[in-house]
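# Notes for the structure review
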Amino acid sequence: MENSTVSVYFFGKKYDVPSNLTIMTGLEYAGYQLVRGCGCRNGFCGACATIYRIRGQQELKMGLACQTKVEDGMYVATLPFFPLVKQIYDIEKVKPEQAIMMQLYPEIYSCIGCNACTRACPQNLHVMQYIADAQRGDFRKCAEESFDCVMCGICSSRCPAGISHPQVAMLARRLNGKYLTPDAQHLIKRVAEINNGDFEKAMQDIMNKSDAEIRSLYDQRDIEAE
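This section reports on the structure supplied with the text. (Residues numbered from 1 in each chain as written. Predicted model: local features only at pLDDT ≥ 70, side-chain atom pairs only at ≥ 80, totals over all residues. Heavy atoms only, no water.)

### Overview of the side chain of Asn176
Topologically, Asn176 is positioned in helix H7 (residues 165-180). With near-sequence residues (within four places) excluded, Asn176 lies in contact with Phe139, Arg140, Ala143 and Thr181. (Helix = DSSP H or I, 4+ residues; strand = E, 2+ residues; numbered from the N terminus. Contact = heavy atoms within 4.5 Å.)

Structural data, given as structure tokens:
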């Protein structure tokens, strides 16, 4: 059965495209060659931030072009890059204290609680909540709330206070990982083994094998039970 089509407007020009396409594949169907703002194509890199409005509706909507399906009467404009503020710091020198947020990202204390950031997030994260966690210096909770952030910048594009939410969240996750999360002892042990050269011979043996031998090893590997 042939797919139905919908009328969409890319950069002000009308195109009829199959209704089962995403905005990204719709752009390509219409003849656009995507050389930037396309990234992973699976919703993980945040490169394809897009704004759109549906004819007859007042709401300006946000999404990732690789995840958002085309709709009839959709007016699309891509948002290839939003200038987030990225402060420079040495993770070995900063500490998980509230003062570090006040020093590096003081704009978070100008949040007016409009929740536009949360409504705009294509990952459905509680953005305003994790900013509130960062304000209090609760970096563990901020890290947990922002874990699925793909740093597309859509939240910041809608913020009247000029907060760079993804960068605030990144700092919180780094502080949490460096100082607040217990060390993974098995990882520490494995890194030490690598540094001691314990796997050099095994790696060399693998590098000397043919493609067929490597494929056979892969097919016969032990797989953990679910």
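Further notes follow.
### Points about the pairing of strand S1 (residues 5-10)
Successive residues of a regular strand alternate their side chains across the two faces of the sheet. Most of S1 sits inside the fold, with five of its six residues counted as buried. Where S1 meets strand S2 (residues 13-18), six bridges bridge the pair, whose relative direction is antiparallel. Across the sheet, residue Tyr9 finds its bridge partner in S2, namely Lys14. Between S1 and the antiparallel strand that follows it, S2, lie two residues; Phe11 among them carries a positive phi value of about 55°. Here S1 pairs with strand S5 (residues 74-78) via three bridges, running parallel. Opposite Phe10, over in S5, you have Val76 as the bridge partner. (Buried < 20%, exposed > 50% of the residue type's maximum accessible area, 1.4 Å probe, protein only. Pairing = 2+ DSSP bridges.)

### Overview of a nonpolar patch on the surface
Together, Ile194, Phe199, Met203, Ile206 and Ile214 make up a nonpolar patch on the protein surface, roughly 430 Å² of accessible area in all. In this structure, Phe199 sits in the loop between helix H8 (185-195) and helix H9 (200-207). Residue class for Phe199 comes out partly exposed when judged on its relative accessible area of 32%. (Patch = residues over 30% accessible without salt bridge, like charges linked within 9 Å, V, L, I, M, F, W, Y side chains within 5 Å. Areas by Shrake-Rupley, 256 points an atom, 1.4 Å probe, with all protein chains shown as cover. Salt bridge = Lys/Arg side-chain N within 4 Å of Asp/Glu carboxyl O.)

### Here's the deal with helix H4 (residues 127-136)
If you check which residues of H4 are buried, you get Val127, Tyr130, Ile131, Ala132, Asp133 and Ala134. In the core, the buried residues of H4 are packed alongside helix H2 (98-104), helix H3 (116-120), helix H5 (139-145), helix H6 (154-157) and H7. Positive phi appears at Gly137, one or two residues downstream of H4, with a value of about 80°.

### Comments concerning the state of the cysteines
Inspection of the entire model under this criterion finds zero disulfides. Lacking any disulfide linkage, Cys40 is separated from the closest cysteine sulfur, that of Cys45, by 3.7 Å. With no disulfide of its own, Cys117 has Cys114 as its nearest cysteine by sulfur position, at a separation of 6.2 Å. What makes Cys117 buried here is its relative accessible area of 8%. (Disulfide = S-S within 2.5 Å.)

### Description of the environment of Ile214
Inspection of the secondary structure assignment puts Ile214 in helix H10 (residues 211-219). Apart from the residues lying within four places of it in its own chain, the contact partners of Ile214 are Ile206 and Lys209.

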